[in-house]
Amino acid sequence: MPKYADKYFKLDDWKIIAEDFDAGRNRVAESVFSLSNEFMGARGFFEEGISSGDSLTGCYFNGIYEIDEKMPRSYKGIVTKTHYMVPACNWLYTKIEAGGEKLDIAKSEIADLVRVLDMKEGVYARSFFWKTAKGGLKLKFTRFIDMTRPHGAYLEVEIQSIDFIGEIKFETGVDFDTKHETYNKKVFREAANESVDSEPGMFIIGETLESKHKVLSGFEVGVNIAEDKNYERIRIQREKYIGMDFKFNLDSGEKIAFYKTVCNLPESDPSVNIRDLLDKGRGLLDIQVTEGYHTAYSRQVKAWGEFWDNFDIVIEGDPENQQGIRFCLFQLNQTYRGGSPSHNIGAKGLTGEAYNGHAFWDTETYCLPFYLFNNPAAAKSLLEYRYFTLPQALERAKMLDMDGACYPIATLNGEEACALWQHSNLQFQPTTAVAFGIWHYVKLTDDRDFLYTKGVEMLVYISRFLKSRGGYGGVTGKFGYFGVMGPDEFHMMADNDCYTNYISKKSLEYTVEVLEEMKESAKDKFIAVKAKLNIADEEIKEYEKLAKDMYIPYDEETQIFEQHDGFFNLPHTDIKSIPAEQFPLYSHWSYDRIYRTDMIKQPAVLMLMFLYNSDFTYNQKLKNYEYYEPRTIHESSLSPSLHSVLAAELGKSDEAYAFFSNATRMDLDNYNRNTNEGLHTTSIAAAWINVLYGFGGMRSDGEIISFAPSIPKDWKSYSFKVLVRGVLVKVEVNHDRVKFTPSGDIVLKIYGEEKKIGGEGYEKIL
């Protein structure tokens, strides 16, 4: 692989540390130091801003977006409007002057700058010395976003004089005068601005220009200063801004601390009354202020402690990947926890504006497994999002002249937001991924109530789309899909894409299976859904027939599944000959050039062998891995982990480890040279998959959860925990033994043998 690491952060088991200011890497650091709690997120930008250096001041809210209806109308079925996540209020806005000098990291005389993301506590802090004409100061900024209260956020600023004597000006506030970088436009207007001198807190509401989404932000500032020390506080209100300005004098050795308590309330319903929103915000902020900064901090530490106690992954003997996998776990937990069925997981989470905040098909295939084994309620919420947006999927299918439901390739609100027709019109793996997600969720949770109501509705509508989108080939006489783009994304207008045909076959089969099961064991619900969706008996039989007739391109002699018709005949590209400087290819190669060879962006056939692992023989996996791996450029951040999983299963331990290191540190070491745009959230989920499904040998597509752990040669040991149907199972692996310790009785398959394990656990000597 021609890509290589750009190492910047210091190694530490529990912290991400940057010990200097590198202007060229600043936006990368901002992405890495991002905080969120699913509802809101903030990049790790400097609160006071910088005058030079690459920086993106970004504070985002899940579900808050703007609409662009100015796209040119073209052919039927191609989207004519889009929507995109917007940077909302900068609730961290801060300005500091000392003796008339403005603080600016890029210009001020700064020493010992250290930035630390403490993953154990969920807190980001920055400290440094500032030498001014009137003496030196030590400053420390500490921020966190409340993991227990979706609206809560906090900032502490400490200013200590070393030998400084003079006046300090400190201003902090909320600024809605923000700009979306890609669209180069400001999307918020001020809808309300309220401050009462006799009451704590200041409040402002911003409203997006087109979607009419609102965000309320209110804050109060507490001051910790010597009792005999006076200071001046002035409230500031101007267009799109509220703030508090403090003035005071510091003598040598004196210290002052500011505690900013913030309440942020996003509201996507345009009909919500502004007065009601203000009253709600004031009530919540009053509770926060009464509670106090330190109590909130303690609650934050406790919440993160509980997460790590249950789901930490410990690696002994590999500090880089220990830090890397904990970073992945940290980001997954703060990005999504099932707080609302109207939320999904954006490709960049809440860490940047790339991909416009959109969620893709990766949610059900890469992200869902993490939540299935760590937070099943959140996994269910992810699927409920797809039910919540089913009406939009039904409408999208009509736009494409199809029946049923077609889920979007890129979305925030359920509508298709991708203006590239080759993706939005040709890719329907988001639709089949929803069917896979339902199957996977029910297999692991046995949630029949969900399956027999929301789940079966989605499955029927998905099957109706699959029926109408496909056709029988004139040569093969088999059913398949024509003019599609599979997960690989480097080949479009392909016929009989293997992934598309295979997972469609599985989706149709599962729909039939569920309906037949309901007919036998849940007759009332079967009758109800049959009447609601107007399902005829012939319809069910037709799905069964289409599944049996599905064409799967496969060479019996070589045991290789052809990615799509004609793939074997494409010109070959030696991917190792491509210089690292040409990545990402989309930025350096002519767009059409990418589509003309057998080079693959990310695995497609191998993806099937991961999702439905037990469907394929060892030899099939081996043959297809060895054929497709040399053709895969790994332009997608999702690719390395999946290759590592299969390499581990096939006994290619060195390859498995090499791909794994790339996955856990994709963002920390900026392998794809685009961490500056935001974190690769689904790649982060894939790194978790890499540990459990790769080295842990876990498989969840069979009737019983199975494990076949292996260990990289340079590791001393590793351990992880998974939640399986309410039982927390700890798995410990070293070179001599494997130990399973469940919190209750459970049946697992270990190295192919079925074992009933109790609280005493099970140990196998290797």
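Counting starts from 1 at the beginning of each chain's written sequence and moves along it residue by residue. Reporting in this predicted model follows two pLDDT cut-offs: at least 70 for local features of residues, and 80 or more for side-chain atom pairs to be given and counted; totals over whole chains, interfaces and linings ignore these cut-offs and use all residues. Note: side-chain values were computed over all heavy atoms of the structure, leaving out hydrogens and water.

### Considering the layout of surface pockets
In step 1: Here a cavity is any set of points on a 1 Å grid over the protein atoms alone where a 1.4 Å probe fits but cannot get out, and a pocket is any open set with protein on both sides within 12 Å along at least 5 of 7 lines; a residue lines the site when it has an atom within 4 Å of a point. Grid points are joined across faces, edges and corners, and a volume is the space filled by probe spheres set on the points. Quantified by volume, the largest pocket comes out at close to 1300 Å³.
In step 2: Lining the largest pocket are 45 residues, with Ala354, Tyr355, Phe360, Tyr586 and Lys601 sitting closest to its centre.
In step 3: Helix and strand assignments follow DSSP, with helices taken as H or I runs no shorter than four residues and strands as E runs no shorter than two, numbered in order from the N terminus. Residue assignment for the lining of the largest pocket shows that the elements contributing at least two residues are helix H14 (585-588) and helix H19 (681-695).
In step 4: Three residue categories are used. Nonpolar comprises Ala, Val, Leu, Ile, Met, Phe, Trp, Tyr, Cys and Pro, charged comprises Asp, Glu, Lys and Arg, and polar comprises the others, including Gly. Tallied by class, the residues present in the lining of the largest pocket amount to 19 nonpolar, 15 polar and 11 charged.

### Points about the packing of aromatic side chains
In step 1: Two aromatic rings, drawn from Phe, Tyr or Trp (for Trp, its six-membered ring), form a pair once their centres lie within 6.5 Å of each other, and the interplanar angle then sorts them: stacked below 30 degrees, edge-to-face above 60, tilted otherwise. Summed over the entire model, instances satisfying the criterion amount to 59 aromatic pairs.
In step 2: Ring plane angle 85 degrees and centroid distance 4.9 Å describe the contact between tryptophan 14 and tryptophan 308, whose orientation is recorded as edge-to-face. In this pair, tryptophan 14 is assigned in the segment before strand E1 (15-18) and tryptophan 308 in helix H3 (residues 293-311), connecting sequence segments 294 residues apart. Taken individually, tryptophan 14 and tryptophan 308 each receive the classification buried, so the pair is uniform in this respect.
In step 3: By way of ring pairs, the aromatic residues Tyr657, Phe660, Phe695, Phe707, Trp715, Tyr718, Phe720 and Phe740 are connected into one cluster.
In step 4: Charge-over-ring contacts are defined here by two conditions on Lys NZ or Arg CZ: a distance within 6 Å of the ring centre and an angle within 35 degrees of the ring normal. Above the plane of the ring of tryptophan 589 lies arginine 593, whose end atom (NZ or CZ) is 3.5 Å from the centre.
In step 5: Directly above the ring of tyrosine 627 sits arginine 631, whose terminal nitrogen or CZ lies 3.9 Å from the centroid. Exposure categories follow from relative accessible area, calculated using a 1.4 Å probe and restricted to protein chains: below 20% of the type maximum is buried, above 50% is exposed, and the middle band is partly exposed.

### Remarks on the sheet that holds strand E9 (residues 109-118)
In step 1: Strands are labelled as partners when DSSP assigns at least two bridges between them. With respect to topology, nine strands assemble into an open sheet ordered E1-E9-E10-E11-E12-E19-E16-E15-E14, the strand pairing being antiparallel. With partners counted over all chains shown, the strands left at the sheet margins are E1 and strand E14 (188-195), one partner each. Each adjacent strand pair in this sheet contributes to an overall mean axis angle of 15 degrees, direction not counted.
In step 2: Pairing of strand E10 (residues 123-132) with strand E11 (residues 135-145) involves nine bridges; the strand directions are antiparallel. Bridge pairing in E11 links serine 127 to lysine 140.
In step 3: In what follows, residue pairs with any heavy atoms lying within 4.5 Å of each other are defined as contacts. As a rule, the C-alpha atoms of each element are fitted with a line to give its axis, helices using only the stretch in contact, and angles between N-to-C directions run from 0 to 180 degrees. Contacting strand E12 (152-161), E14, strand E15 (202-208), strand E16 (214-224) and strand E19 (255-267), helix H2 (residues 274-291) runs over the sheet at an angle of about 145 degrees to E19.

### Considerations on a nonpolar patch on the surface
In step 1: Each patch is built from residues that are more than 30% exposed by relative accessible area and take part in no salt bridge. Like charges join if they lie within 9 Å; nonpolar side chains (Val, Leu, Ile, Met, Phe, Trp, Tyr) join within 5 Å. Here, Shrake-Rupley sampling with a 1.4 Å probe gives the accessible areas, and only protein chains in the shown set may cover a residue. Note on definitions: salt bridges are taken to be side-chain nitrogens of Lys or Arg within 4 Å of carboxyl oxygens of Asp or Glu. A contiguous nonpolar patch, built from Trp421, Met492 and Met493 and spanning about 280 Å² of accessible area, is present on the exposed surface.
In step 2: Looking at where methionine 492 falls in the secondary structure, it is placed in the loop between strand E22 (479-480) and helix H11 (498-521).
In step 3: Given a relative accessible area of 33%, methionine 492 falls into the partly exposed group.

### Digging into H3
In step 1: A helix is expected to span 1.5 Å multiplied by its residue count minus one. For H3, which comprises 19 residues, the first-to-last C-alpha distance of 27 Å matches the rise-based estimate of 27 Å (1.5 Å per residue) to within 8%.
In step 2: Buried within H3 we find Tyr293, Ala296, Arg299, Gln300, Trp304, Phe307, Trp308 and Phe311.

### Topic: the packing of H11 against helix H12 (residues 523-533)
In step 1: It is at 6 Å that the axes of H11 and H12 come closest, and there the two elements cross at 130 degrees. As judged from the angle between their axes, H11 and H12 are oblique. Here Leu515, Met518, Lys519, Glu520 and Ser521 of H11 come into contact with H12, specifically with Lys523, Lys525, Phe526 and Val529.
In step 2: Of the residues belonging to the contact of H11 with H12, the class tally is four nonpolar, one polar and four charged. Roughly parallel covers angles under 35 degrees, roughly antiparallel covers those over 145, roughly perpendicular covers 65 to 115, and oblique covers all other angles.

### Quick look at the pairing of strand E6 (residues 82-85)
In step 1: Along E6, one buried face is formed by Thr82 and Tyr84 and the opposite face, lined by His83 and Met85, is buried too.
In step 2: As judged from the four bridges shared by strand E5 (residues 65-68) and E6, these two strands associate in the antiparallel manner. In the strand pairing of E6, tyrosine 65 is matched with methionine 85.

### Considering the nonpolar core
Soluble globular proteins tend to bury their nonpolar side chains together.
In step 1: We call a set of buried Ala, Val, Leu, Ile, Met, Phe, Trp, Tyr and Cys residues a nonpolar core when their side-chain atoms join them within 4.5 Å. One finds Ile159, Tyr371, Phe373, Ile438 and Trp688 to be the most contacted residues of the largest nonpolar core, which totals 206 residues.
In step 2: The next biggest cluster of nonpolar side chains, apart from the first, holds 12 residues, and it includes Leu426, Ile575, Ile578 and Leu585.

### Things to note about the environment of histidine 643
In step 1: Structurally, histidine 643 can be placed in helix H17 (residues 639-649).
In step 2: On the accessibility criterion, histidine 643 (0% relative accessible area) is buried.
In step 3: The spatial distance from the C-alpha of histidine 643 to the C-alpha of methionine 607 is 8.9 Å, given a sequence separation of 36 residues.

### Details of unusual backbone geometry
In step 1: Positive phi, close to 60 degrees, is recorded for arginine 673, a residue that is not glycine.
In step 2: Arginine 673 sits in the partly exposed class, given a relative accessible area of 30%.
In step 3: With phi around 50 degrees, arginine 725 is a residue other than glycine that occupies positive phi space.
In step 4: For arginine 725, the position within the fold is in the loop between strand E26 (717-724) and strand E27 (727-734).
In step 5: Judged by its relative accessible area of 56%, arginine 725 falls in the exposed class.

### Section: the state of the cysteines
In step 1: Whenever a pair of cysteine sulfur atoms sits within 2.5 Å, that pair is classed as a disulfide. Overall, the coordinates contain zero disulfides when judged by the stated rule.
In step 2: Of all cysteine sulfurs, the one in cysteine 89 lies closest to cysteine 59, which takes part in no disulfide; the gap is 6.6 Å.

### Structural notes on empty space enclosed by the protein
In step 1: Within the structure shown, the criterion is met by seven cavities of 30 Å³ or more.
In step 2: Considered as a void within the structure, the largest cavity measures approximately 140 Å³ in volume.
In step 3: Lining the largest cavity are 15 residues, and of these Asn62, Asn344, Gly346, Gly357 and Leu412 lie nearest its centre.
In step 4: The wall of the second largest cavity is formed by Thr365, Pro369, Phe436, Trp439, His440, Phe610, Leu611, Asn613, Tyr693, Arg699, Ser700 and Asp701.
In step 5: Looking at the lining of the second largest cavity, the elements that each hand over two or more residues are helix H5 (362-372), helix H9 (429-445) and helix H15 (605-611).
In step 6: The element contributing the most residues to the lining of the second largest cavity is H9, with three residues.
In step 7: The residue inventory of the lining of the second largest cavity, partitioned by class, reads six nonpolar, four polar and two charged.

### Re the packing of H17 against helix H18 (residues 653-664)
In step 1: Across the interface, H17 lies against H18 with an axial gap of 8 Å and an inter-helix angle of 155 degrees. What the angle tells us is that H17 and H18 run roughly antiparallel. Regarding H17 and H18, the two cross each other, and that crossing is left-handed. Listed contacts from H18 to Pro640, Ser641, His643, Ser644, Ala647 and Ala648 of H17 are Glu655, Ala656, Phe659, Phe660, Asn662 and Ala663.
In step 2: Grouping the amino acids of the contact of H17 with H18 by side-chain chemistry returns seven nonpolar, four polar and one charged. With the far helix as reference, a near helix turned anticlockwise by less than a right angle produces a left-handed crossing, and one turned clockwise produces a right-handed crossing.

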